[in-house]
Amino acid sequence: MNANPQEFVRRNTLRGVLALSRNWAIIFVTAAISIWANNIFVYLISVWIIGIFQYAIGEVLLHEASHYNLFRNKKLNDYLEVFYSLPFFVTISQYRGYHLDHHYKMNTEADHLVEDYEILGLKKEKKNMFWIWFIKPVLGYAGYFYIRHVI
């Protein structure tokens, strides 16, 4: 049975809107709970939770929109960039150009992600995943790394 790559992508506007709405709602509710609790431990957990959903928006949903897969209507993928690309200081067209460059050069020395993975420690044979997934995000390293690349 040969699967066509198109079979893996089912564009659905309702599902895209729900995913985007859910992620932003969780971010705002988590921030509100953190402010209400006024506790350092709740704050640290909140930062981690918010980071997870920011990642989902800024990487997963933005990625799908860049391939015109987030919404059934192709134009919506560009028009709604205010919700998934502009909060990360990039337009959908800028991301699309940057991302498509990665596709053209995938896994070669010219692929910028190969260097990024090296810098982030993801290519090490013995990775400390606890450090990468739990400690680095709380320290703000991912934000520093992102801002450095945007500038």
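The preceding data block contains the structure.
Calculation rules
Residues numbered from 1 in each chain as written. Predicted model: local features only at pLDDT ≥ 70, side-chain atom pairs only at ≥ 80, totals over all residues. Heavy atoms only, no water. Helix = DSSP H or I, 4+ residues; strand = E, 2+ residues; numbered from the N terminus. Buried < 20%, exposed > 50% of the residue type's maximum accessible area, 1.4 Å probe, protein only. Contact = heavy atoms within 4.5 Å. Areas by Shrake-Rupley, 256 points an atom, 1.4 Å probe, with all protein chains shown as cover. Axes fitted to C-alpha atoms, helices over the stretch in contact; angles between N-to-C directions. Parallel < 35°, antiparallel > 145°, perpendicular 65-115°, else oblique. Nonpolar A, V, L, I, M, F, W, Y, C, P; charged D, E, K, R; others polar.

## Concerning the overall build of the protein chain
Broken down by element type, the protein chain carries eight helices and zero strands. Sequence-ordered secondary structure for the protein chain, helices as α and strands as β, is α-α-α-α-α-α-α-α. Relative to its 151 residues, the protein chain shows a buried fraction of 25%. When contacts within the protein chain are restricted to residue pairs at least 6 apart in sequence, long-range pairs at least 24 apart make up 54% of them. Entry remark: accessible area of the protein chain is about 10,900 Å², with carbon and sulfur atoms responsible for 65%.

## Overview of the packing of helix H2 (residues 40–66) against helix H5 (residues 92–104)
Running from N to C, H2 and H5 point in directions that differ by 85°, and their axes come no closer than 9 Å. By the angle between their directions, the pair H2 and H5 is classed as roughly perpendicular. For the pair H2 and H5, contact is made by Glu59, Leu62, His63, Ala65 and Ser66 and by Ile92, Tyr95, Arg96, His99 and His103, respectively. Each residue belonging to the contact of H2 with H5 can be placed in one class, and the counts come to four nonpolar, four polar and two charged.

## A look at unusual backbone geometry
Positive phi, normally seen in glycine, also occurs at Asn38, with a value near 50°. With respect to the helices and strands, Asn38 occurs in the loop between helix H1 (13–37) and H2. Overall, Asn38 belongs to the exposed group, its relative accessible area being 69%. We note that Tyr68 has phi near 60°; this positive angle belongs to a residue other than glycine. Locating Tyr68 in the fold gives a position in the loop between H2 and helix H3 (74–79). Classification of Tyr68 by relative accessible area gives partly exposed; the value is 23%.

Such coordinate-based values are descriptive only and should not be taken to indicate function.
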